[in-house]
Amino acid sequence: MNPCECGYYPDRNRCRCTAQQVRRYLGKISKPILDRIDICVEAAPISFEDLKSTAPQESSASIRKRVETARQIQAERFKGSGISFNSEMKEDHISRYCWLKKSDEQFFQRVYQNMNLSARAYGRILKVSRTIADLEGREHIDREHLCEAISYRGLEEKYWNS
């Protein structure tokens, strides 16, 4: 969804909505609905220079191969369980496949408390972390996977708690 009616917020060069209009627009989405969204990212405008850049980028074919590999990992992981993807994991799957090192668990506990996360958000972050690790072909969730997954919840704070 867009963060305002015109769709350009927070780009104040293009957005003409008032702060009150933005708050009212975002206020239409309840916290329980937001809690059910796994990934929330802000897409920044791309400059002309970036469009014309010749810097090496990951190809679509390479990305597709990583996604297909991650899907194969998940298919093997969940064979015979009645589920196919990390997003479908229930509590017992999360505790089996999304375990963290003690130091990472302590880190996540602090984040959980500081961000005032719900139990649902806790599980969703672990599932997204597991997927990020799968995309990298990693057997275990590492701190960087956890941090990336947590970062996808950060916009909730930016837009809905102002």
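The model shown is predicted, which means the values in this text are computed figures rather than measured ones.

Parameters and conventions
Residues numbered from 1 in each chain as written. Predicted model: local features only at pLDDT ≥ 70, side-chain atom pairs only at ≥ 80, totals over all residues. Heavy atoms only, no water. Patch = residues over 30% accessible without salt bridge, like charges linked within 9 Å, V, L, I, M, F, W, Y side chains within 5 Å. Areas by Shrake-Rupley, 256 points an atom, 1.4 Å probe, with all protein chains shown as cover. Salt bridge = Lys/Arg side-chain N within 4 Å of Asp/Glu carboxyl O. Helix = DSSP H or I, 4+ residues; strand = E, 2+ residues; numbered from the N terminus. Buried < 20%, exposed > 50% of the residue type's maximum accessible area, 1.4 Å probe, protein only. Core = buried A, V, L, I, M, F, W, Y, C linked by side-chain atoms within 4.5 Å. Contact = heavy atoms within 4.5 Å. Phe/Tyr/Trp six-rings, centres within 6.5 Å; stacked < 30°, edge-to-face > 60°. Lys NZ or Arg CZ within 6 Å of the ring centre and 35° of its normal.

### Things to note about a nonpolar patch on the surface
On the surface, Ile 46, Phe 48 and Leu 51 cluster together into a nonpolar patch covering about 380 Å² of accessible area. Tracing the backbone through its elements, the reader meets Leu 51 in helix α3 (residues 48-52). A relative accessible area of 59% means that Leu 51 is categorised as exposed.

### Notes on the nonpolar core
Ranked by size, the top nonpolar core spans 23 residues in total, and within it Phe 108, Leu 146 and Ile 150 carry the most contacts. Elements with a contribution of two residues or more to this core: α5 (91-97), α6 (102-114), α7 (119-135) and α8 (143-151). No other element matches α7, which puts six residues into this core. In contact with Ile 150, other than residues within four places in its own chain, are Phe 107, Phe 108, Val 111, Met 115 and Ile 125. In terms of nonpolar packing, the next biggest core, distinct from the first, is built from five residues, Cys 4, Cys 15, Cys 17 and Val 22 among them.

### Here's the deal with the pattern of salt bridges
Tallied over the full model, the rule gives 10 salt bridges. Across the pair Glu 68 and Arg 64 runs a salt bridge whose closest N-O atoms are separated by 2.8 Å. You can see Glu 68 and its partner Arg 64 sitting in helix α4 (residues 60-77), four residues apart, about one turn around the helix. Among the residues examined, Glu 68 registers a relative accessible area of 38% and is labelled partly exposed. In this structure, a network of salt bridges that share partners links the residues Lys 101, Arg 138, Asp 142 and Glu 144.

### Considerations on the packing of aromatic side chains
Throughout the structure, instances matching the rule amount to three aromatic pairs. With a centroid separation of 6.1 Å and an interplanar angle of 90°, the aromatic rings of Tyr 112 and Tyr 122 are classed as edge-to-face. With Tyr 112 in helix α6 and Tyr 122 in helix α7, this residue pair connects regions lying 10 residues apart in the sequence. Judged by relative accessible area, which is 34%, Tyr 122 ranks as partly exposed. Here the aromatic cluster, defined as three or more aromatic residues joined through ring pairs, consists of Phe 108, Tyr 112 and Tyr 122. For Arg 77, the ring lying beneath its charged end belongs to Phe 78, and the centroid distance is 5.7 Å. Between Arg 77 and the ring centre of Tyr 97, over which it is positioned, the NZ or CZ distance is 5.8 Å.

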